[in-house]
Amino acid sequence: MPIQIKTGDITREGSCAIVNAANSSCMGGGGVDGAIHRAGGPEILEECKRIRRERLPGSLPTGQAVATTAGRMPSHYVIHTVGPIWGRCSGEEVCDLLLADAYRNSLSLARQLGCRSVTFPAISTGIYGFPADRAARIACRTVRKFLESHPEMEVTFIFHSEESRRIFEEATGGECKAASTA
Ligand code: AR6
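Everything in this summary refers to the structure shown in the same document. (Residues numbered from 1 in each chain as written. Predicted model: local features only at pLDDT ≥ 70, side-chain atom pairs only at ≥ 80, totals over all residues. Heavy atoms only, no water.)

Describing the layout of surface pockets
Defined as follows: Here a cavity denotes a set of grid points, spaced 1 Å apart and computed over the protein atoms alone, in which a 1.4 Å probe fits but from which it cannot get out, and a pocket denotes an open set meeting protein on both sides within 12 Å along at least five of seven lines; residues with an atom within 4 Å of a point are reported as lining. Grid points are joined across faces, edges and corners, and a volume is the space filled by probe spheres set on the points. We count a stretch as a helix when DSSP gives it H or I for four or more residues in a row; a strand needs E for two or more, and each element gets its number in order from the N terminus. Side-chain classes follow a simple rule in which Ala, Val, Leu, Ile, Met, Phe, Trp, Tyr, Cys and Pro form the nonpolar group, Asp, Glu, Lys and Arg form the charged group, and the remainder, Gly included, forms the polar group.
Estimated volume of the largest pocket: approximately 710 Å³. In terms of lining, the largest pocket is formed by 36 residues, of which the most central are Ala-21, Val-32, Pro-121, Ala-122 and Gly-126. Listed by contribution, the elements that provide at least two residues to the lining of the largest pocket are β2 (17–22), α1 (31–40), α4 (132–149), β6 (154–159) and α5 (162–172). It is α1 that contributes the most residues to the lining of the largest pocket, five residues altogether. Class assignment for the residues of the lining of the largest pocket results in 22 nonpolar, twelve polar and two charged.

A word on helix α2 (residues 42–54)
Quick reminder of the rule: Given the number of residues in a helix, its expected span is that number minus one, multiplied by 1.5 Å. Burial classes: relative accessible area under 20% of the type maximum marks a residue as buried, over 50% as exposed, and values in between as partly exposed (1.4 Å probe, protein chains only). Working note: the arc is built from the helix axis to C-beta atom directions. Any two residues having at least one pair of non-hydrogen atoms within 4.5 Å are treated as being in contact.
Across its 13 residues, α2 extends 19 Å between first and last C-alpha, which sits within 8% of the 18 Å expected from 1.5 Å per residue. Residues of α2 that are buried include every one of Ile-44, Glu-47, Cys-48, Ile-51 and Arg-52, and no others. Projected down its long axis, α2 shows its buried positions confined to an angular sector of 140°, all on one face. Opposite the buried face of α2, by more than 90 degrees, sit the exposed residues Pro-42, Arg-53 and Glu-54. At its buried positions, α2 is contacted by α1, β3 (65–69) and β4 (77–82).

Concerning unusual backbone geometry
Note: most peptide bonds trans; most residues except glycine with negative phi. For Cys-26, which is not glycine, the phi torsion reads 65° and is therefore positive. Within the fold, Cys-26 resides in the loop between β2 and α1. Although it is not a glycine, Ser-124 sits at a positive phi angle of roughly 75°. Mapping Ser-124 onto the fold places it in the loop between β5 (117–120) and α4. Using a relative accessible area of 5% as the deciding quantity, one classes Ser-124 as buried.

Notes on the side chain of Glu-13
Where we set the bar: Whenever a nitrogen or oxygen atom comes within 3.5 Å of another N or O atom, the pair is scored as a polar contact, on the condition that within protein one atom can donate a hydrogen and the other can accept it, and that pairs from neighbouring residues in sequence are kept only if both atoms are in side chains.
Along the polypeptide, Glu-13 turns up in the loop between β1 (3–7) and β2. Since its relative accessible area comes to 10%, Glu-13 is described here as buried. A distance of 3.1 Å separates the side chain of Glu-13 from the side chain of Lys-6, its partner in a polar contact. When near neighbours in sequence (up to four residues on either side) are disregarded, Glu-13 contacts Lys-6, Ile-18, Pro-74, Ser-75, Thr-119, Thr-156 and Ile-158.

Written as structure tokens, this is what we have:
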């Protein structure tokens with residue numbers, strides 16, 4: 001099973017695409033979004049602005065994804081996706097579906113870009129307040145299902161703290177733990 005779990009900083013990852021837990025404006029923010037824009041440099045925001053102007057005059061809908069350059073970071077692309085804000089969906093199950101959409105659409109876009117390796121942060125589990133254990137089960141299930149049809153792809157889940165990694169591993173019961181690394 002081509003899944004890895006790591007603790008660290010996603011901006012240092014060398015996979016073909018890294019995923020950004022963005023917001024609907026796609027114009028940057030705090031958390032992992034802020035870290036990605038800082039590390040990648042202004043080229044990312046420039047591309048985000050162009051995408052907004054040319055393709056997304058409204059906003060990036062929750063669960064959808066767009067790609068930009070990764071600027072100065074070692075990866076090739078940043079895939080910006082918007083996770084649901086916990087408590088703001090019309091029901092918890094809707095939040096679950098939107099989170100799964102964010103993972104699935106990010107993977108599809110990475111594949112369309114010719115990427116075989118993708119690294120995800122724990123989308124929605126920071127500022128957006130999605131319970132980390134519930135999010136872990138959705139992330140793991142969605143990625144595993146995608147990899148069943150696309151076994152050539154490699155997916156890494158990266159956690160910013162040992163604690164969030166532990167929550168993920170416990171919640172998924174080892175289902176997404178095949179090739180755990182530091
Ligand atoms: N590398 C890996 N993971 C990280 C990093 C990093 N450098 N920095 C934070 N995390 P969050 P959200 C983890 O809040 O909940 C922004 O303002 C963090 O510990 O970044 O989807 C956007 O613009 C947490 O586990 O994203 C949106 O407005 C996870 O990444 C909003 O926050 C996600 O936390 C999105 O909120």
